[in-house]
Amino acid sequence: MATRLSRSNLTIKLMPRFNIPLIAALVAFALCGACQSSGGDAQHSDSPAEKSTNVPDAPPAMTLAEQAREAGFDADYIMGKFNPAEHPDFVVVDQQYADRGGLYLRQEVYDAFLKMRAAAAKEGLTMTIRSATRNFDYQKGIWERKWTGARKLSSGADAAQAFPDPKARALEILKYSSMPGTSRHHWGTDLDLNAFNNAYFETGPGQQLYAWMQAHAAEYGFCQPYSPKGEERPHGYNEEKWHWSYLPTAQPLTALARESLSNGDIEGFKGADVAGEIDVVRKYVLGINPGCMP
Ligand SMILES: [Zn+2]
């Protein structure tokens, strides 16, 4: 009797204990534990580099030139082929900060300049903008007046008479003036301060200002692209202690110029046909203080 009952009773009594949902939960728990364990091990063996490359859909880091393109810059912008008075990113410089009206800078450059100027003013130093944005047409005017001799070089020479050879004439003008299409002044990121001669910055208030700029300009984003010529900077314009460049915008533009501007793009003015012979993009556009380079 015990035997007869035992099997059926046993079956009946055990059935509730082996209910399907409970088994499923236990199996799932066991599998999940195994999963966590192997996942944990995998995590410990992951290097940080592997982790970053394993992040799904992470956008690849953009180069500076790509950032410039993304922001809407192109070769025409780099060559100054626009009117800053009509460009939405530009503002007119208040005449109290300049030696005349009608000068333009990019808004972010102007903002940074005003902060820098205010900080210098607390030290009793004054900054006056002598030149800011100059577009292609404006630079063409400067260049061609020097090319034809209508305007004398800073040495006092008439370039057309003193340098009949076009390459020699261009190289002489290039000591201080850019070929149209190759100037950082096209970009709205660069400005000239106080005086167009290095001697001003070597005594008295000019020297004090220059010393302050060397110590503090970088805090506001500014750098002197035309540092002394020499081993560090073998090519390009002579030293200009008055010329300062706002790097947060100018560096992406320099990177874009390095990638997309060629000597053949530099055309449309008297003397342009020696641009290639001089290698004006590599030696002048990119011939800047390595400390300002992207
Ligand atoms: Zn300048």
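All of these numbers come straight from a predicted model, not from anything done at the bench.

Novice: Just checking my understanding: could you explain the overall build of the protein chain for this structure?
Specialist: Along the protein chain, the regular secondary structure elements total 13 helices and six strands. Taken over 294 residues, the protein chain has a buried fraction of 32%.

Novice: I tried to follow the sheet that holds strand β4 (residues 190–193) on my own but got confused; where do I start?
Specialist: Strand pairs in the sheet, formed through backbone hydrogen bonds, run parallel or antiparallel to each other. Spatially, the four strands line up as an open sheet ordered β3-β4-β6-β5, and their pairing is antiparallel. At either margin of the open sheet sits one strand with a lone partner, and together these are β3 (129–131) and β5 (222–223). For β4 and strand β6 (residues 243–246), the ladder comprises three bridges, and the chain directions are antiparallel. For L191, the partnering residue across the bridge sits in β6 and is W244.

Novice: Would you mind going over unusual backbone geometry with me for this structure?
Specialist: In terms of backbone geometry, most residues other than glycine have negative phi values and most peptide bonds are trans. Of note, the phi angle at N194 is positive, near 65°, even though the residue is not glycine. Judged by the 20 C-beta atoms lying within 10 Å of it, N194 is buried.

Novice: Where do I start with the pairing of β6 in this structure?
Specialist: Side-chain positions along a regular strand alternate between the two faces of the sheet. Note: β5 against β6, two bridges, orientation antiparallel. From the neighbouring strand, C223 faces β6, where its bridge partner is S245.

Novice: In this structure, what is going on with the environment of F113? I would like to understand it.
Specialist: In this fold, F113 is placed in helix α6 (residues 107–122). On the basis of neighbour count, F113 is assigned to the buried category, with 23 C-beta atoms found within 10 Å. Sequence separation of F113 and L191 is 78 residues, and the distance between their C-alpha atoms is 9.3 Å. Leave out the neighbours within four places in its chain, and F113 touches L105 and L191.

Novice: In this structure, what is going on with the nonpolar core? I would like to understand it.
Specialist: As a rule of thumb, nonpolar side chains are buried together in soluble globular proteins. In this structure, L105 and V280 are the most contacted members of the largest nonpolar core, which totals 57 residues. For this core, the element with the highest residue contribution is α6, accounting for six residues. In contact with V280, other than residues within four places in its own chain, are M179, T182, N263, I266, A275 and V285.

Novice: Quick question: what am I supposed to make of the confidence of the model for the protein chain here?
Specialist: Reading predicted coordinates in detail is not appropriate for stretches of low pLDDT. On average, residues of the protein chain carry a pLDDT of 86, and 81% of them reach 70 or more. Under a pLDDT of 50 for its full length, residues 1–51 has, in the predicted model, two contacts with residues more than four places off or in other chains.

Novice: Please clarify how α6 should be interpreted in this entry.
Specialist: Structurally, the α-helix is built with 3.6 residues per turn, so residues lying three or four positions apart point the same way. Between its terminal C-alpha atoms α6 stretches 23 Å, which fits the 22 Å expected from 16 residues at 1.5 Å a residue. Of all the residues in α6, the buried ones are V109, Y110, A112, F113, M116 and A120. Each buried residue of α6 lies within a common arc of 160° when the element is viewed along its axis, so the set occupies one face. In α6, those exposed residues whose orientation departs by more than 90 degrees from the buried face are Q107, A118, A121 and K122.

Reading guide: rules and limits
Residues numbered from 1 in each chain as written. Predicted model: local features only at pLDDT ≥ 70, side-chain atom pairs only at ≥ 80, totals over all residues. Helix = DSSP H or I, 4+ residues; strand = E, 2+ residues; numbered from the N terminus. Buried ≥ 20, exposed ≤ 12 C-beta atoms within 10 Å, placed from the backbone. Pairing = 2+ DSSP bridges. Contact = placed C-beta atoms within 7 Å. Core = buried A, V, L, I, M, F, W, Y, C linked by C-beta atoms within 7 Å. pLDDT = per-residue confidence, 0-100. Expected span 1.5 Å × (residues − 1). Arc of directions from axis to C-beta.

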